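Structure assessment
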Amino acid sequence: MRTMQSIQNVDASLQKIVDKVLQQERLTKEDGIELYETPDLWTVCSLANVVRRRLHGDVTYYNINRHINYTNICALSCKFCDFHRKKDQDGAYEHSLDDIKNEAKIALDSGATEIHIVGGLHPWLPFEYYTNMLDAIHSVAPKIHIKAFTAVEIVHLARITKRGRDGNAGISSVLEDLIAHGLGSLPGGGAEVFDDRVHDEVFRGKIGGKQWMDVHRVAHELGINSNATMLYGHIETREERVNHMLLLREEQDRTEQNNCQGKFQTMIPLPFIPGVSELSHLPGPSGIENLRTIAISRLMLDNIPHVKAFWIMQTIQMAQHMLECGANDIDGTVVWYDITKVSTENTHQECSTVDLRRAIYDAGFKPVERDTVYRPVTREGTSWEVAERPITAH
Ligand code: V47
């Protein structure tokens, strides 16, 4: 295994950070900015690799899952998003509960361990649609883990059930209802960039960083895990990205201090994909910026155990490189994914288990199938079992 000691020609201004990482000291905001500004990308990536290997050795996780985007009808019009539609607009859709049940049956038959559900803020669907959706999935696939609804959707559900005015108590009561109907964890979406300037310019009308964090805090207090994302490479500065990471790190510290049963499991940096969004004139981040951001996420977020290179947005080829730059997870088989489309005519975006495992082996790592909460999966074809505990002690 390569180590930092064997790396030559390190940018001298990084030496202090190299020492800190080797001694397992926490990095500061200034360190994060330095890691973004140095031309010495390879030291940044190699440092992230040291941390990644310290935490996970040569293991890389993947999972067998299916995404369901139940509706693209959305009350919001975020400028970066080319998924949302208004009710009467071409291409607007909402899935019926029968459609969702059918997807769950297909997920069951394909041996999936997870269904990941995200949708727009539909103005008229009642709260029962969401609880019935969870019930419908578990009625056909009782063992499957349902990771569903971003913090933005949870706040929307609090509003439509008139619990929004109760602040975190309202959020808590919505989450309790959803958990009672089978919600297993929260995905990391909707975080975008925790910054008022970026919020006002690009996703005004959507919840801001404080409310996003409140929802995840309440989820952790209720004992379920969640993930975190950062949508980067549009109008935000690199300093704003580092601030975003620091806010997540502070929140995870608080989660640990308060002995919550839930926590942030995984950080997923999401590169902005221009598509036909209102920001389609922007180029999106380069491959090099993507490597750097994965690496810096690994280095700054010392208390979040996993960093995911979501292959749908990073591409499988880049995700392979990212495994040497801090990432230890590439996500799943996915199948249908409507939120971003890189180069396909429709939204069928699937990677078979064979291809996921081969991509991980090719990159020099050991593929391990996990469930949503990082328990190793043993399987025979489409039937599977999970171990009691996560494979690593995090
Ligand atoms: O919330 C929207 C982002 C998110 C674009 O928790 C865009 O395991 C790039 O959060 N370019 C949804 N990103 C995806 C997400 C996610 C994905 C995989 C795994 C997990 C997890 C979570 O996608 C949205 C938004 O932040 N997004 N539009 C775009 N044009």
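Located above this text is the structure these notes cover.
As a starting point, this report considers the structure included with it. (Residues numbered from 1 in each chain as written. Predicted model: local features only at pLDDT ≥ 70, side-chain atom pairs only at ≥ 80, totals over all residues. Heavy atoms only, no water.)

**Some details on the packing of helix 1 (residues 15-22) against helix 3 (residues 41-56)**
Contact geometry for helix 1 and helix 3: axes closest at 10 Å, N-to-C directions at 5 degrees. Here helix 1 lies roughly parallel to helix 3, going by the angle between them. Together, Ile17, Val18, Val21 and Leu22 of helix 1 and Thr43, Leu47, Val50, Val51 and Arg54 of helix 3 make up the contact between the two elements. When the residues that make up the contact of helix 1 with helix 3 are grouped by side-chain class, the tally is seven nonpolar, one polar and one charged. (Axes fitted to C-alpha atoms, helices over the stretch in contact; angles between N-to-C directions. Helix = DSSP H or I, 4+ residues; strand = E, 2+ residues; numbered from the N terminus. Parallel < 35°, antiparallel > 145°, perpendicular 65-115°, else oblique. Contact = heavy atoms within 4.5 Å. Nonpolar A, V, L, I, M, F, W, Y, C, P; charged D, E, K, R; others polar.)

**A word on the environment of Gly205**
Tracing the sequence through the fold places Gly205 in the loop between helix 8 (196-202) and helix 9 (209-221). For the pair formed by Gly205 and Leu76, sequence separation is 129 residues and the distance between their alpha carbons is 6.6 Å.

**Things to note about the packing of helix 4 (residues 97-109) against helix 5 (residues 127-140)**
Contact pair helix 4 / helix 5: the axes reach a minimum separation of 8 Å and the direction vectors enclose 35 degrees. Seen from above, helix 4 lies across helix 5 with right-handed handedness. For the pair formed by helix 4 and helix 5, the contact residues are Leu97, Ile100, Lys101, Ala104, Lys105 and Leu108 on the first element and Tyr129, Asn132, Met133, Ala136, Ile137, Ser139 and Val140 on the second. Here the contact of helix 4 with helix 5 is composed, by residue class, of nine nonpolar, two polar and two charged. (Left-handed = near helix turned anticlockwise from the far one by under 90°.)

**Concerning the site of the ligand**
Taken together, the neighbourhood of the ligand is formed by 23 residues, with Lys147, Gly190, Glu192, Ile273 and Lys308 sitting nearest. One of the side-chain N or O atoms of Glu192 is found 2.6 Å from an oxygen atom in the ligand. Ile273 places a main-chain nitrogen or oxygen 2.8 Å from a nitrogen atom of the ligand. Computed on the free molecule, the ligand has an accessible area of 620 Å², of which 97% lies beneath the protein chains in the complex. Contributing elements (two or more residues each) for the shell around the ligand: strand 6 (226-232) and strand 7 (264-271). In terms of residue class, the shell around the ligand is made up of twelve nonpolar, seven polar and four charged. (Near = heavy atom within 4 Å. Polar contact = N/O pair within 3.5 Å; in protein donor to acceptor, adjacent residues only side chain to side chain. Areas by Shrake-Rupley, 256 points an atom, 1.4 Å probe, with all protein chains shown as cover.)

**A few points about the pattern of salt bridges**
Counted by the stated rule, this structure contains 27 salt bridges. Glu324 is paired through a salt bridge with Arg53; the nearest N and O atoms lie 3.4 Å apart. Note that Glu324 is positioned in the loop between helix 13 (316-322) and strand 9 (329-332) and Arg53 in helix 3, a separation of 271 residues in sequence. Measuring nitrogen to oxygen at the nearest pair gives 2.7 Å for the salt bridge that ties Arg375 to Asp371. Exposure remark for Asp371: the relative accessible area of 4% places this residue in the buried category. Each member of the salt-bridge network shares a partner with another, and the members are Glu37, Glu236, Arg238, Arg241 and Glu289. (Salt bridge = Lys/Arg side-chain N within 4 Å of Asp/Glu carboxyl O. Buried < 20%, exposed > 50% of the residue type's maximum accessible area, 1.4 Å probe, protein only.)

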